[in-house]
Amino acid sequence: KAGVTQTPRYLIKTRGQQVTLSCSPISGHRSVSWYQQTPGQGLQFLFEYFSETQRNKGNFPGRFSGRQFSNSRSEMNVSTLELGDSALYLCASIDTAGGTEAFFGQGTRLTVV
Amino acid sequence: QKEVEQNSGPLSVPEGAIASLNCTYSDRVSQSFFWYRQYSGKSPELIMSIYSNGDKEDGRFTAQLNKASQYVSLLIRDSQPSDSATYLCAAENSGYSTLTFGKGTMLLVSP
């Protein structure tokens, strides 16, 4: 069974630009969550999608958004990038029918310059 | 504000010793707890999950949960240099498929 796939692996963007990150969950997993990881704040929850609906949202500004498609693939978008958005963005998928264990993709390392 | 607290470390142990990692959580309603291992520059890897009070063993790893004390621990027996990593404790946000993470404990196992 293939794992969680995130693309791209690395991104360098300029302040003010926008970026879209993609996540394909494990086949059959319908819940996709996004987390931001920085050295100072650790792993922080951004949002969670299930069956194309955002079920939960963390405490991030509206510049951070996401969506989920009918095949459970998810994208997150960050608009008007700031230097502080530089982080490792992680996607996790959960087989909500069978348990609560979350499996992470390899992450997208975003650097804003 | 739900919180998971971990000692940041580093926790240094010699090869072959037992490493003991601890965390506490604030949300009494949490039912599921997880330990992730994260190597530098890599993503977190799930190594243990625990849902009931008591111990759960998997190979060299033992997770312990005490819901009354809101305390979770991970024991690593016969520690190896390859166990050197940051260990993240996570609590499921009850009713949601989301996790609150501690900031992690760095473990260093010296040969």
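Presented here is an overview of the structure given in this document. (Residues numbered from 1 in each chain as written. Chains lettered and ligands numbered in written order. Predicted model: local features only at pLDDT ≥ 70, side-chain atom pairs only at ≥ 80, totals over all residues. Heavy atoms only, no water.)

**A closer look at the overall build of chain A**
Step number 1: Each helix and strand counted, chain A has zero helices and 11 strands in total.
Step number 2: Along its sequence from the N terminus, chain A presents helices and strands in the succession β-β-β-β-β-β-β-β-β-β-β.
Step number 3: On C-alpha atoms alone, chain A measures out to a radius of gyration of 13 Å, which is about the 13 Å that the 2.2 N^0.38 rule sets for 113 residues.
Step number 4: Based on the C-alpha atoms only, the size of chain A along its principal axes is roughly 40 × 25 × 25 Å.
Step number 5: Counting over 113 residues, chain A shows a buried share of 49%.
Step number 6: Counting every atom, chain A has about 5,300 Å² of accessible surface; 47% of that belongs to carbon and sulfur.
Step number 7: For chain A, the distance from the average position of its 11 positive side-chain charges to the average position of its 7 negative side-chain charges is 6 Å. (Helix = DSSP H or I, 4+ residues; strand = E, 2+ residues; numbered from the N terminus. Rg over C-alpha atoms; globule rule 2.2 N^0.38 Å. Buried < 20%, exposed > 50% of the residue type's maximum accessible area, 1.4 Å probe, protein only. Areas by Shrake-Rupley, 256 points an atom, 1.4 Å probe, with all protein chains shown as cover. Lys, Arg positive; Asp, Glu negative; His and termini not counted. Charge placed at Lys NZ, Arg CZ, Asp CG, Glu CD.)

**Some details on the sheet that holds strand β1 (residues 4–6) of chain B**
Residues and elements named next belong to chain B.
Step number 1: Pairing in this open sheet of five strands is antiparallel, and the strands run β1-β3-β8-β7-β6 from one edge to the other. The open sheet is flanked by β1 and β6 (54–58), the only strands paired with a single partner. With strand direction ignored, the average angle separating the axes of adjacent strands in the sheet is 20°.
Step number 2: Bridge analysis of β1 against strand β3 (residues 19–25) gives three bridges, and the strand direction is antiparallel. Across the sheet, the residue bridging to E5 is T24, located in β3. (Pairing = 2+ DSSP bridges. Axes fitted to C-alpha atoms, helices over the stretch in contact; angles between N-to-C directions.)

**As for the packing of aromatic side chains**
Step number 1: The full count for this structure, using the stated rule, is 10 aromatic pairs over all chains.
Step number 2: Aromatic side chains F104 of chain A and Y36 of chain B sit 5.5 Å apart centroid to centroid with 80° between the ring planes, which places their arrangement in the edge-to-face category. Of this pair, F104 of chain A sits in strand β10 (residues 102–104) while Y36 of chain B sits in strand β4 (residues 33–38), which puts the two residues in different chains.
Step number 3: Classification of F104 of chain A as buried rests on a relative accessible area of 11%.
Step number 4: With a relative accessible area of 0%, Y36 of chain B lands in the buried category.
Step number 5: Within the aromatic cluster, the residues linked to one another by ring pairs are Y35, F45 and F104 of chain A together with Y36 and F101 of chain B.
Step number 6: Directly above the ring of F50 of chain A sits R55 of chain A, whose terminal nitrogen or CZ lies 4.4 Å from the centroid.
Step number 7: The lysine or arginine in question, R60 of chain B, covers the ring of F61 of chain B, its NZ or CZ lying 5.6 Å from the ring centre. (Phe/Tyr/Trp six-rings, centres within 6.5 Å; stacked < 30°, edge-to-face > 60°. Lys NZ or Arg CZ within 6 Å of the ring centre and 35° of its normal.)

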